[in-house]
Amino acid sequence: MLTIYAVKVKNNMEEEEKIKLGISIGDLNGIGCEVVLKTFEDSRMLDFCTPVIFASNKTVSFQKKELGIEVNYHGIQEASKALDGKINVVNVWKEVPTVTFGESNNEGGKYAIKSLRTAVNALKNDEIDALVTAPINKNNIQADDFKFPGHTDFLAQQLEGESLMFMVTDELKVGLLTDHVAVKDAPAAINAILIRNKVRTIEKSLRMDFKIRAPKIALLGINPHSGDNGVIGKEDDEVLKPVIKEMSDAGHLVFGPYSADSFFGSDSYKNFDAVLAAYHDQGLIPFKTLSFGKGVNFTAGLSKVRTSPDHGTAYEIAGKGKADHSSFKEAVFMALQIFRNRKEYQELTENPLQKQRVRR
């Protein structure tokens, strides 16, 4: 069944030029290539975008043969040569990498970085319009010239803007004050400047990327029960509450802090357009519980659009043909929809007379 994003995109297809969608291949020993190829095994996907995969002909040929996936592709040397109506594969490397499904090793990390770097350069040079990244392993990607805990941090360095890890579905959107930070370090990393920046980034993204004119945002407490008025930690009273009041008084629709343990189970999240969690697991555990396989990781706040599926390399099933490509497919449609929404927003804000067309 085609997702809702496909329906939205298809309605605009005849009016706009097809989007060139770049795809970094991720860890070759994981399920990245599998979910990419399974997504575009459905030929209807070529109606929505022109896929540009950053890997190599030989790598894709090996993976499709091993996994029994029937797709045809067109090999090119640079993204600017991509053909509409084809699955395009940019030959980032000429050698044949050793693939060891299910193992985390330097080889997997090395080629994941090569694919990502080339894809991001193409994005920066407007050779592709948006980027979807297949899963990488945060350990084996570390190198002398690549010391980032994940995609988000690397993209924040490469692309303009204030990056925000934003987990999204149609019904639920969760951002993080701190993302790949140890739990013990998270409270100290949260300060007034960080909170203001993250709230403003979410607000801008909700308006520009999701067509929400007056975004309403909930902040979750740092401590259990939001500190119980200082009984269980003072960070909520001393850091969160003053900033929330300040921003609320300035006209921002920001509320909280809410006790995280009951916020999702009571469906309170449905009263807001987005939720800002204090740290990684506080936001991602409920998000993935409520929407696993349907969620998308979107890096909000950057000058370019990047999405990814809500799962990792899944080494335990790699090479077995068992990977579910639903989340990757959602990431594709989300990237296309956000790209179109952002383009429309820019056009409308350049012409104030058309602003009334932006709807909630």
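Model, not experiment: these values are computed from the prediction.

(A) Fine view of the overall build of the chain. Tallying secondary structure elements over the chain gives eleven helices and twelve strands in all. Taken against the 2.2 N^0.38 rule, which gives 21 Å for 360 residues, the C-alpha radius of gyration of the chain at 21 Å falls within 12% of a compact globule. Each principal axis of the C-alpha distribution contributes one length, and for the chain these read about 60 × 50 × 35 Å. Relative to its 360 residues, the chain shows a buried fraction of 53%. If you take every contact in the chain between residues at least 6 apart in sequence, the share linking residues at least 24 apart comes to 75%. Accessible area for the chain stands at about 16,200 Å²; split by element, carbon and sulfur atoms hold 47% of it. The average position of the 46 basic charges and that of the 48 acidic charges among the side chains of the chain differ by 3 Å.

(B) Region of the structure containing the packing of aromatic side chains. A complete count under the given rule lists eleven aromatic pairs for this structure. Where Trp93 meets Tyr111, the ring centres are 4.9 Å apart and the plane angle is 70°; that geometry is what we call edge-to-face. One end of the pair, Trp93, is in the loop between strand 4 (88-91) and helix 4 (106-124); the other, Tyr111, is in helix 4, and 18 residues separate them in sequence. Considered together, Trp93 and Tyr111 belong to a single accessibility category, that of buried residues. Directly above the aromatic system of Phe210 lies the positively charged group of Lys173, at a separation of 5.0 Å from the ring centroid. We note Lys216 situated over the ring of Phe272; from NZ or CZ to the ring centre the distance is 5.3 Å.

(C) Representation of helix 10 (residues 280-291) within the structure. The terminal C-alpha atoms of helix 10, which comprises twelve residues, lie 16 Å apart, in line with the 16 Å expected from a rise of 1.5 Å per residue. Along helix 10, the positions that sit buried rather than exposed are Gln282, Gly283, Leu284, Pro286, Phe287 and Ser291. A positive backbone phi angle near 90° is found at Gly293, which sits one or two residues after helix 10.

Conventions and cut-offs
Position labels on residues start from 1 in each chain and follow its written sequence. For a predicted model such as this one, the threshold for reporting local features is a pLDDT of at least 70, and the threshold for listing and counting side-chain atom pairs is 80 or more; totals across whole chains, interfaces and linings nevertheless cover every residue. The side-chain figures draw on all heavy atoms in the structure; neither hydrogens nor water molecules are used. A run of H or I in DSSP becomes a helix once it reaches four residues, and a run of E becomes a strand once it reaches two; helices and strands are each numbered from the N terminus. For the radius of gyration, the atom set is restricted to C-alpha positions; the globular benchmark scales as 2.2 Å times the number of residues to the power 0.38. For each residue, the accessible area found with a 1.4 Å probe, counting protein chains only, is set against the maximum for its type, and the residue is called buried under 20%, exposed over 50%, and partly exposed in between. Contacts are assigned to residue pairs with any non-hydrogen atoms lying within 4.5 Å of each other. Only the protein chains shown count as covering a residue, and every accessible area follows the Shrake-Rupley method with a 1.4 Å probe. Asp and Glu count as negative and Lys and Arg as positive, but His and the ends of the chain are not part of the count. Every charge is mapped to an atom, namely NZ of Lys, CZ of Arg, CG of Asp or CD of Glu. Within 6.5 Å between ring centres, the rings of Phe, Tyr and Trp (the latter by its six-membered ring) count as paired, and their orientation is classed by plane angle as stacked under 30 degrees, edge-to-face over 60, tilted in between. For a Lys NZ or an Arg CZ to count as sitting over a ring, it must be within 6 Å of the ring centre and within 35 degrees of the ring normal. Given a helix with a known number of residues, its expected span is that number minus one, times 1.5 Å.

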